[in-house]
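Here are the chains, one letter per residue:
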Amino acid sequence: MAKLFLHAAGVAIASGLALAAGGAAAQQPAALNDQPVLVLDPGMHTAIINRTDIDRTGQFAVTASDDKTIRLWKMGPKPELVTTIRLPASTGNIGKAYAVAISPDAEVIAAGGWARWTPEDPVDQVYLFNREGKMLKRLGQLASVTDHLAFSHDGRYLAAGLGVGNGIRIFDRNRDWALAAADKDYKGTVYGLDFTADGRLVVSCEDGFIRLYDAAFKLIAKQKTSVGQDPIGIAFSPDGRKIAVGFADARAVALHDGRTLSPLDPPNANGVDNGALATVHWSRDGRSLYSAGRFQMQGRNAVLAWADAGAGPRRALFSGAADNIKSMRVLPNGNLLVASAEPHLAVLTPDGQPQWVQPSPVIDSRAQRSNLSVSVNGAQVDFGYEQGGRSRARFDLSRLALSVGPPSDGMTAPPRQTGLDIKDWVNNVRPTLAGTPLPLSKYESSRSVAIHPKGDSFVLGADWSLRAFDASGKELWRRQVPGIVWAVNISGDGRMVVAAYGDGTIRWHRMDSGRELLAFFPLLDKVSWVAWTPEGFYGATSGAHRILKWHVNRGWDQAAEAIPVSEIKNLRRPEVLGIVLQEMETARAIGLAEMKRAQEEVQLRTRSKVAPGARLHVVSVGVSEYGSNAAHLRLNFAHKDAQDVIAALDNTQSGLYAQVLPQQITNKDATRKNVLDAVKAMRRNMAARTGGSDLAVFHFSGHGALINGKYYLLPHDVDARSTDDITSSAVPINELREVLAEIGQHGRLIVLLDACRSGAASADGTSLGVDGGQLRAALAGLANVTVLTSSDSNKPSFENKAWENGAFTKVFLQALGKAADTDRNGLISVDELMSYMSKQLPQLTTSIGNQSLGMEVRFQSEIFVSGL
């Protein structure tokens, strides 16, 4: 057995759990999104329901979902939604609710999941709420996600089952929820917990073991099951004599002795020939054993019920669920509450009759991978309300019209899925291109694919990401997604990606960057709909606008708020939706002044620190004065280059961006550590947003060096006495490249490198000049990253007293003026910036060297407000 550490007394004795007086030392939390974020709230979960629980009397039920909400239901002949609790949330998984429990007296709701866990910051927590949704307390420092929660029968203890290798924690309500016990001797994720009336605890873990603890939380038995290798659900019979175990990898249920864990004869599983039975539960009298999961009969997901405590005959009950049944609870009257992944809730009578059904509120985009059809310009999309594409409809953005039964008029086309050697992309963790695996996250499956009309690139939809690749398999960009990407298409003009997600939305993205342009949610009445831009401008049929809300975080110690978009009158702008696709930019469609006014109204109403919309992140580094070991590298205006870039962007871009986040680092502050820390901070800030709409700018003005084929930016504290000293003290471009590549996964990035100054050498006489083309090549190919260098080929870069800047920076600052805005729309695009700078830089330096711009362009969009 593992050792028991009694932390309060500081002594070690033999047992199974580590008793503790309190938690670990505080750590810095993962970043919460500080801007309002648009969410859907149709009165029911919009994503997988992971867990359910009920109080002792069965008056209340709680449900937990991947949609980052906990919902409290008042049970009765027709259950009613009482409260929706929004967990503090950020991008990706942060906020997803995997576990929920309600205390026997119905006074406390415990919720957990992927609360604030990141690989860099493995801190997680369980939230405690009252029935009104007010957060009572956080139980933190769990070091992993929470996959199951369970209250003891008397309500004193709360058990938490944690992710891979982190075991279980027990919290004591009588001691203000202090940590009472912890067992970390686990090799997998804990998926099941259950208490007996006398306080014993049983635990299932994917390491293949079930574990039994006594009422003092001493480990008294540990047993492998003989049925499956991956136990999930676990439940004591009401008298505590038997334990039922369900499995992710078995089409059967195991029974074990409730005091010794010795195997007992299992229930009859003959004829269970598909799926798996992961969920188990007992009737209140212990006479019936229930199990369900992915098992289907006659094309329907079935709940199996065995009589005589699992020893008797078996019958099948049907809840109407079409997807994996994730959780069950038996009510005091014998009815069965069933929750599935669709999401779907149902209450069944003991004889299997549905008393109440709360179906999924979202369209089912599964198996529509080959029939999501899109027009050439992306304005029309044909989809199915039902799995496989049945009950087809067309949404026409140009007319803002939704119609059922679209004609076969050739206006739309299904995705192109031939022409490139892409294989094993249907529901597979290992899709390939020409036999080479395409990158996905661990355990992530690909679901959909579409090839660009030109055949030179494609997009891949997966569980947690939407990715674009070129024809050689190089990743161009990656976006986190609101749900599984069941279907994807590319418009015939090649400008847009259209994707159908598991949350019931269809969303338009820019093909060049993956940035979201527009979202559409059709209601199941096949008449109503709502569509919106990431900034919150929307159009909707009568009544449908009520389901679109702003999710607003209030910190880690409060539940988030949900504020209806309809409360902000200037956001209802249906006429701009079609123009957004035409212009590929919300700002172009609606006008900067209108957009700014609406953002301010949202910020005021939601009481947010930051308005919604894209943010501009800027890191500008300028090194004129070098340290004692590189004093001879002095420049005149590099520090001013950085100051001027920050001033220009910080003071002029608020019309396009909701927030400008500048970091200026000059001269003695521009150390190697500070430069890398600033770029990493920019990466963290970018990661706290969704949609890919943010823009980052990294500007460096100073010296660079090419040593043995490797590139270095020279910070203030560089040691330039020899090439060996430089390589150990400069900023390696390869290290910087890794961070910049991650930034490109979260948004757009422009790199401005004025690091090719002429006339520099190390103390040992080695030339430090970096060829602009070579330096640019070192950063080439990064997804969503456009690189501009101050010189091309072997030409030097210049600074001049007349300009009080480097030539490159001077021309960039000029480009922010109206001269670069050639189409006079008030915005400067990437193309306009490139065109202006490539012409003006040689002209500015004609008399001293004809300096020319180096470019590596990886995206096209509007990036700056003009008029500096």
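Described below are features of the structure shown in this document. All residue numbers refer to position in the chain's written sequence, counted from 1. Residue-level local features of this predicted model are given only where pLDDT is at least 70; pairs of side-chain atoms are given and counted only at 80 or more, and the full residue set underlies all totals for whole chains, interfaces and linings. With hydrogens and water excluded, all non-hydrogen atoms of the structure serve as input to the side-chain values.

A few words now on the overall build of the chain. Where helices and strands are cited, they refer to DSSP runs of H or I of at least four residues and of E of at least two residues respectively, numbered from the N terminus. A tally of regular secondary structure across the chain gives 10 helices and 67 strands. What you see for the chain is a C-alpha radius of gyration of 30 Å, in line with the 29 Å of a compact globule of 868 residues. If you line up the chain on its principal axes, its C-alpha atoms span 95 × 75 × 55 Å. Counting over 868 residues, the chain shows a buried share of 61%. Only the C-alpha atoms count toward the radius of gyration. The rule for a globule is 2.2 Å times the residue count to the power 0.38. When a residue's accessible area, from a 1.4 Å probe over protein chains only, is under 20% of the maximum for its type it is buried; when over 50% it is exposed; and in between it is partly exposed.

What follows concerns the sheet that holds strand β66 (residues 854–856). Pairing is mixed in the open sheet, where six strands are placed in the order β56-β55-β57-β61-β62-β66. This sheet does not close on itself; its edge strands, each paired only once, are β56 (659–666) and β66. Ignoring strand direction, the axes of neighbouring strands in this sheet form an average angle of 10 degrees. Note: two strands are recorded as paired if DSSP finds a minimum of 2 bridges between them. Two strands pair when backbone bridges link them, and strand β55 (residues 615–622) and β56 are joined in this way by eight bridges, in the parallel orientation. Each bridged residue has a counterpart across the sheet, and for Arg615 the counterpart in β56 is Gln659. Contacts between helix α5 (residues 672–687) and the sheet are confined to β55, β56, β57 (695–701) and β61 (748–754), with β55 contributing the most and set at about 175 degrees to the helix. What counts as an axis is a line fitted to C-alpha atoms, over the stretch in contact for a helix, and the angles between N-to-C directions run from 0 to 180 degrees. Contacts were defined at the residue level, with two residues in contact if any of their heavy atoms lie within 4.5 Å.

Two side chains that carry opposite charge are able to pair once their charged atoms sit near each other. The term salt bridge refers to a pairing of a side-chain nitrogen on Lys or Arg with a carboxyl oxygen on Asp or Glu at a separation within 4 Å. The full count for this structure, using the stated rule, is 48 salt bridges. Among the salt bridges present, the one from Asp644 reaches Lys640, with a minimum N-O distance of 2.7 Å. With Asp644 and Lys640 both in helix α4 (residues 638–652) and four residues apart, the pair spans about one turn of that helix. Relative accessible area serves as the criterion here: at 22%, Lys640 is assigned to the partly exposed category. Members of the salt-bridge network, linked through shared partners, are Asp41, Arg71, Arg86 and Lys549.

What follows covers helix α10 (residues 830–844). Relative to the 21 Å expected for 15 residues at 1.5 Å per residue, α10 spans 21 Å between its end C-alpha atoms, a close match to the ideal helical length. Its buried side turned inward, α10 meets β62 (785–789), α9 (807–815), β65 (827–829), β66 and β67 (862–865). Expected span of a helix, by definition, is 1.5 Å for each gap between consecutive residues, and there is one gap fewer than residues.

What follows deals with empty space enclosed by the protein. Definitions used throughout: a 1 Å grid over protein atoms alone; a cavity as a set of points that fits a 1.4 Å probe which cannot get out; a pocket as an open set with protein on both sides within 12 Å along at least five of seven lines; a lining residue as one with an atom within 4 Å of a point. Grid points are joined across faces, edges and corners, and a volume is the space filled by probe spheres set on the points. All chains considered together, the criterion is met by two cavities of 30 Å³ or more. Taken as a whole, the largest cavity holds about 170 Å³ of empty space. Counted by class, the lining of the largest cavity contains seven nonpolar, four polar and six charged residues. Amino acids outside the nonpolar list (Ala, Val, Leu, Ile, Met, Phe, Trp, Tyr, Cys, Pro) and the charged list (Asp, Glu, Lys, Arg) are all regarded as polar, and Gly is one of them.

The subject of this paragraph is the packing of α5 against helix α7 (residues 733–746). Contact pair α5 / α7: the axes reach a minimum separation of 8 Å and the direction vectors enclose 15 degrees. Taken together, α5 and α7 sit at an angle that is classed as roughly parallel. Between α5 and α7 lies a crossing whose hand is left-handed. Contacts between α5 and α7 pair Arg672, Leu676, Val679, Lys680, Met682, Arg683, Met686 and Ala687 from the former with Glu735, Leu736, Val739, Leu740, Glu742, Ile743 and His746 from the latter. Considered class by class, the residues forming the contact of α5 with α7 number nine nonpolar, one polar and five charged. Angle categories are assigned with fixed cut-offs, so that under 35 degrees is roughly parallel, over 145 is roughly antiparallel, 65 to 115 is roughly perpendicular, and the rest are oblique. If you view the pair so one helix is near and one far, a crossing is left-handed when the near helix is turned anticlockwise from the far one by less than a right angle, and right-handed when it is turned clockwise.

Residue Glu342 is joined to Pro343 through a cis peptide bond whose omega torsion reads 15 degrees. Tracing the sequence through the fold places Pro343 in the loop between β32 (336–340) and β33 (344–348). The backbone of Ser391 shows a phi angle near 55 degrees, a positive value even though the residue is not glycine. Mapping Ser391 onto the fold places it in the loop between β36 (380–384) and β37 (392–396). For Ser391, a relative accessible area of 25% puts it in the partly exposed group.

Any two of the Phe, Tyr and Trp rings considered here, Trp counted by its six-membered ring, make a pair once their centres fall within 6.5 Å; the pair's planes then place it as stacked at under 30 degrees, edge-to-face at over 60, or tilted in between. Evaluated as defined, the whole model comprises 11 aromatic pairs. Relative to Phe469, the ring of Phe458 lies with its centre 5.2 Å away and its plane at 20 degrees, an arrangement referred to as stacked. Taken together, the positions of Phe458 in strand β44 (residues 457–462) and Phe469 in strand β45 (residues 465–470) put the pair 11 residues apart, joining distant regions of the chain. Neither Phe458 nor Phe469 differs from the other in exposure class; each is buried. Plain terms: the ring middles of Phe520 and Trp529 are 6.4 Å apart, the flat faces sit at 50 degrees to each other, and that makes the pair tilted. Grouping residues by exposure puts Phe520 and Trp529 together as buried.

Let us now look at the nonpolar core. Within the largest apolar cluster, 64 residues are counted, with the highest numbers of intra-cluster contacts made by Leu833, Met837 and Phe864. Not counting residues up to four positions away in its chain, the partners in contact with Phe864 are Leu649, Gln653, Leu656, Leu695, Val697, Ile750, Phe812, Leu816, Gly826, Leu827, Ile828 and Leu833. Side-chain atoms within 4.5 Å are what join buried Ala, Val, Leu, Ile, Met, Phe, Trp, Tyr and Cys residues into a set we call a nonpolar core. Counting 43 residues, the second largest nonpolar core, distinct from the first, contains Ile665, Tyr712, Leu736 and Ile743.

We now examine the sheet that holds strand β17 (residues 178–183). Strand order across the open sheet formed by four strands is β14-β15-β16-β17, with antiparallel pairing between neighbours. If you trace the sheet from one side to the other, it starts and ends with β14 (146–151) and β17, each paired once. When the angles between neighbouring strand axes are averaged without regard to direction, this sheet yields 20 degrees. Summarising the sheet, β14 and strand β15 (residues 157–162) pair through five bridges and their orientation is antiparallel. For Ala150, the partnering residue across the bridge sits in β15 and is Ala159.

Another point: the environment of Ala181. Within the fold, Ala181 resides in strand β17. When its relative accessible area of 0% is taken as the criterion, Ala181 is described as buried.

Mapped onto the elements, Gly578 comes out in helix α1 (residues 577–583). In the structure, Gly578 is positioned 182 residues away from Asp396 in sequence and 8.9 Å away in space, judged by C-alpha atoms.

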